[in-house]
Number of protein chains: 2
Amino acid sequence: MKRRIAVVLALCGAAASVQAQSDQTRSSHGQPNLELRGFGSFHVGGREIAITGRPVREMLLTPGGAPTRVDPNGVYVVEQMYVQYLVPARRRGAVPLLLWHGGGLTGVAYETTPDGRPGWLDYFVRRGWDTYVSDAVERGRAGFPPPGVFDGDPVFVPKNRPFEAFRIGQGPGSYDEDPAKRRQLPGSQFPMEGYDALLRQQAPRWTTTDDAILRAYLAEIDRVCPCVVLFHSQAGQFGFKAAQLRPDKVRALVAVEPSGFGEPGRAAALKDIPTLVLYGDNIEQDARWPVIRGNGLRWVETQNAAGGRAEVIQLPALGIRGNSHLMMMDRNNAQVAGVIADWLRDKGLVQDE
Amino acid sequence: MKRRIAVVLALCGAAASVQAQSDQTRSSHGQPNLELRGFGSFHVGGREIAITGRPVREMLLTPGGAPTRVDPNGVYVVEQMYVQYLVPARRRGAVPLLLWHGGGLTGVAYETTPDGRPGWLDYFVRRGWDTYVSDAVERGRAGFPPPGVFDGDPVFVPKNRPFEAFRIGQGPGSYDEDPAKRRQLPGSQFPMEGYDALLRQQAPRWTTTDDAILRAYLAEIDRVCPCVVLFHSQAGQFGFKAAQLRPDKVRALVAVEPSGFGEPGRAAALKDIPTLVLYGDNIEQDARWPVIRGNGLRWVETQNAAGGRAEVIQLPALGIRGNSHLMMMDRNNAQVAGVIADWLRDKGLVQDE
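Report follows, based on the coordinates. (Residues numbered from 1 in each chain as written. Chains lettered and ligands numbered in written order. Predicted model: local features only at pLDDT ≥ 70, side-chain atom pairs only at ≥ 80, totals over all residues. Heavy atoms only, no water.)

Examining the pairing of strand β9 (residues 250-256) of chain A
All names here are of chain A.
At step 1: Counted residue by residue, β9 has six buried out of seven residues, so it is predominantly covered.
At step 2: Here strand β8 (residues 227-232) pairs with β9 via six bridges, running parallel. Considered in β9, the bridge of Val 229 is made with Leu 253.
At step 3: With helix α6 (residues 236-245) bridging β8 and the parallel β9, this β-α-β connection has right-handed handedness. (Buried < 20%, exposed > 50% of the residue type's maximum accessible area, 1.4 Å probe, protein only. Helix = DSSP H or I, 4+ residues; strand = E, 2+ residues; numbered from the N terminus. Pairing = 2+ DSSP bridges. Right-handed = clockwise from strand over helix to strand, strands pointing away.)

Concerning the interface of chain A and chain B
At step 1: Between chain A and chain B, the residue contacts involve 78 residues of the former and 78 residues of the latter.
At step 2: Interface of chain A and chain B: buried area, both sides summed, is about 6,300 Å²; carbon and sulfur atoms make up 56% of it.
At step 3: When the buried area of chain A at its contact with chain B is split by residue, Phe 39, Arg 141 and Arg 200 of chain A rank highest and sum to 13% of it.
At step 4: There are 27 residue pairs in polar contact (both at pLDDT 80 or more) connecting chain A and chain B.
At step 5: For the side of chain A that touches chain B, the elements supplying multiple residues, two or more each, are β2 (34-51), β4 (68-70), β5 (74-88), α2 (120-126), β7 (131-135), α4 (195-200) and α7 (289-305) of chain A.
At step 6: In terms of residues, the side of chain A that touches chain B owes the most to one element, β2 of chain A, which gives twelve residues.
At step 7: Tallied by class, the residues present in the side of chain A that touches chain B amount to 35 nonpolar, 26 polar and 17 charged.
At step 8: Here β2 of chain A pairs with strand β2 (residues 34-51) of chain B via three bridges, running antiparallel. Note that in β2 of chain B the partner of Leu 36 of chain A across the bridge is Leu 34 of chain B. (Contact = heavy atoms within 4.5 Å. Buried area = accessible area lost by both parts, 1.4 Å probe. Polar contact = N/O pair within 3.5 Å; in protein donor to acceptor, adjacent residues only side chain to side chain. Nonpolar A, V, L, I, M, F, W, Y, C, P; charged D, E, K, R; others polar.)

What about the packing of aromatic side chains?
At step 1: Tallying each qualifying case throughout the model produces 38 aromatic pairs over all chains.
At step 2: Note on Phe 163 of chain A and Tyr 175 of chain A: the rings are 5.6 Å apart at their centroids and 65° apart in plane angle, and the pair reads as edge-to-face. Placement of the pair is Phe 163 of chain A in helix α3 (residues 160-165) and Tyr 175 of chain A in the loop between α3 and α4, with a sequence separation of twelve residues.
At step 3: Seen from their ring centres, Phe 190 of chain A and Tyr 195 of chain A are 6.4 Å apart, and the 85° between their planes marks the pair as edge-to-face. Of the two residues examined, Phe 190 of chain A and Tyr 195 of chain A, each falls in the buried class.
At step 4: Across from the ring centre of Tyr 123 of chain B, 3.7 Å away, lies the NZ or CZ of Arg 127 of chain B, which sits over that ring. (Phe/Tyr/Trp six-rings, centres within 6.5 Å; stacked < 30°, edge-to-face > 60°. Lys NZ or Arg CZ within 6 Å of the ring centre and 35° of its normal.)

Below, the structure is given as structure tokens:
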């Protein structure tokens, strides 16, 4: 039953990506103008709940305003999701590209990097992809519901955590308030001058909302797709599961260091969907990442054993080193995006120029 | 001490706005391409807090992931604010334009309208304004902090509230789950086919965060301005107070139905800042809005008594009828934006074409 995991070595693609990065780097401080067909946003999904039996309060919502009777009882819309899109004038992506963020983040993860360079949203729009960035249920502009709708409390991200957990630093205890004492991984591509900005974009997250998040992503797919779905980390399970539930709507999956996966029993649903699973550097010496990658490699085996077309790219195998779990923000984020863009072209998803 | 409140009747401006609306309406479904110098985002403001003495938990953050030790103790960054910008290739606004949302909302209020038409962000970018839209502290992509940082609990928005409180419907009790039984104001410009979408963009808000919100807005001004600040409803107090604290950075203020105001003792700080206070329709028959508008008209008197240049435009006086408190989403939102754009041109803030 076991099949070899396709480890793509695509060295020519890597060379092309280095060129793309060079172009991108030049353009990041003096970029050419960008011509769009337009941009906009919408919410998808959500359901109604009724709250009853809570006390009415008289509140002054703003100083100088009129006192307002606030009745918390009533019907609320909860579990919706926010989507923002930018669509380029010269469309080259065969279908829209959806960017789904990881846990503790919002769609901002794909915008300007913490150190102020163009992010993957900019990269893919400028290369002709109609690009849709979302904030998952309970994250960012999706909003969050009144108490009682979700079980448990949200988790917040302390200053040390991204550094220690996302292979920027050398694991637990490597972060220090004194920048000189932080033990960053040698050759790390994460732009530490932007670390405080990264902390500002961390979003609280619940850990009990997976089903609601998946429902909202399905609502996005039903509205926007056929499409390519690119997803990161926590969104691994949403990307694979959503594609299993809407296989006719998904032309390709790009899983960036996914930490969750599909339903093994439904792996055959993905057999016709080209799938790329992408990993950065410095996984072996980390306490957690060998386990997470191991789960990913097993998932690829599962998918391919069911007739699938999943491929793994380990960036170091292409000579691309130092990438953290937040590779869309790393110094070489355009180079990494180039690897993805080349893969999508190889799959026939880029229209002729 | 009392001075006449300048009620601008600018009928020529209104005629120009009707023309602008006609252009906008045509372009909303077949808009010309939009050429940008670029777009991006960043966070501003924020401060660090330390949390100690809370228990460590072992959590499975995603199914299939590795169990993670989550220690809630540590240093957190809180009270930052999110800013997104789009800057047009052909810049005509003399300075950037900042759009600050009202309570219960995020910057999404200025994006695509709930019924899918271009919002004021699109309007002003297409007219050549470098435009910065933000999510205030604790709203949307600004994130919210761990328990204990803010006093009290957030307020959530039930389905009936925008309809009843924002002059879409005829006040308390006018909303009904059955669309046929809703008592909308006669001639209302709010696009009720988008009402469910409006509910999906409502954001929880605290009522004890005014100082933190103001600090973050000042951080935005310090980064982006000189500028024009356009602000709505709850942001009234932030717009006027921020301008009082940064009078050299603010070239004009546009207050859209503000529900809060500046410090009366510092009114003279605004004397050189052209100020427009804008009101929609159907205020007289509402239970709350005559009070809120009365506060606004008194503020204009205060500002002008201190040598200021504040003007009031009541849209019905221009023959523009039916506007709700959410006039940036109303059917004639481009017409209302045109009134603002014309006023900014009159103040010398639009560069020659």
